[in-house]
Amino acid sequence: TFALDARLYHDLGVRIVEAWRQGIELPEPGMGHDYVAIIAGVYWLLGAHPLYAILLHCWLGALTGWLAYRIGQKLFDRAGALRAAYFVGFWPSSLLWSSQILRDALSWCLILTILWLVVLMTEPDPRPFRVRWWRLCVQAAGLVAATILVTRLRVYLGSVLTLMALVTLVPAGCAYAFDRRIGRALARSAQVLGLG
């Protein structure tokens, strides 16, 4: 009677694993295979039991709390980081949705991963740009991958992230380009492209 989508995701995950093993066409869930394929992958590796997917979601919920702490630590101080981790980790709906086979835990984890990568890409680095370009490339690739996956899970989040990038990062990139700080201007451009 609660979280009826969880039962649907479980059933589809089991059917997809059976289709993989038999080499037949995948069942059409009517909503895309992105999230259901993740559940099926867990079932294929560990077995088709709902608790395995729930354990994955609990792990994602814990990772979300850690990401909130790291973001708070970079932007504020240790006390702010602990408050952020507490609110994200012990928010009632966060605990509830992490215990179900639903897209929410993965979506929140991806959102905080995106924010973490944006924070990493915007932090000052005294090394010359030619020395740290590879780090920026890896972060930009992670940003693109996380943004694509969160958009595939929830389309409206992609629109929000694109709007956020246009409103905040484009002016910052233009300001850095105007001041001839090309490395930082390129970092903002990579963020805009990754989030857009």
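Data block above holds the structure.
Presented here is an overview of the structure given in this document. This one's a predicted model, so the numbers in the text were calculated from it and none came from an experiment.

## So, the overall build of the protein
Helices and strands together make up the secondary structure of the protein, namely 9 helices and 0 strands. Along the protein, helices (α) and strands (β) appear in the sequence α-α-α-α-α-α-α-α-α when read from the amino end. With 196 residues in all, the protein has 40% of them scored as buried. Within the protein, counting contacts between residues at least 6 apart in sequence, those at least 24 apart form 63% of the total.

## Some details on the side chain of Q139
Counting through the fold element by element, Q139 comes out in helix α7 (residues 129–153). Look at Q139 and you get buried, because its relative accessible area is 9%. Beyond its immediate stretch of four places on either side in the chain, Q139 contacts L117, L120 and M121.

## What about the side chain of R154?
Inspection of the secondary structure assignment puts R154 in the loop between α7 and α8 (155–178). The buried category is assigned to R154, whose relative accessible area is 17%. A distance of 3.4 Å separates the side chain of R154 from the side chain of S107, its partner in a polar contact. Apart from the residues within four sequence positions on either side, R154 is in contact with R103, D104 and S107.

## A short note on the packing of aromatic side chains
With the rule as written, the count across this model stands at 4 aromatic pairs. Between the aromatic rings of Y9 and Y35, the centroid separation amounts to 4.9 Å while the plane-to-plane angle is 75°, which identifies the pairing as edge-to-face. Taken together, the residues Y9 in helix α1 (residues 4–22) and Y35 in helix α2 (residues 34–46) connect sequence positions 26 residues apart. What makes Y35 buried here is its relative accessible area of 4%. Aromatic side chains Y86 and F87 sit 5.6 Å apart centroid to centroid with 65° between the ring planes, which places their arrangement in the edge-to-face category. Given a relative accessible area of 48%, F87 falls into the partly exposed group.

Conventions used here
Residue numbers run consecutively from 1 along every chain, following the written order of its sequence. In keeping with the predicted nature of the model, local features appear solely for residues at pLDDT of at least 70, side-chain atom pairs appear and are counted solely at 80 or more, and the whole-chain, interface and lining totals rest on all residues. Processing note: side-chain calculations cover all non-hydrogen atoms of the structure and skip hydrogens and water entirely. Numbering of helices and strands runs from the N terminus; a helix is a DSSP stretch of H or I covering at least four residues, while a strand is a stretch of E covering at least two. Each residue gets one of three labels from its accessible area relative to the maximum for its type: buried under 20%, exposed over 50%, partly exposed in between, using a 1.4 Å probe on protein chains only. Contacts: residue pairs with any heavy atoms within 4.5 Å of one another. Identification of polar contacts relies on pairs of N or O atoms within 3.5 Å, with a donor-acceptor requirement for protein atoms, meaning one able to donate a hydrogen and the other able to accept it, and with residues adjacent in sequence counted only if both atoms are side-chain atoms. Stacked, tilted and edge-to-face are the three classes applied to pairs of Phe, Tyr and Trp rings, where Trp contributes its six-membered ring and a pair requires centres within 6.5 Å; stacked means planes under 30 degrees apart, edge-to-face means over 60, and tilted covers the rest.

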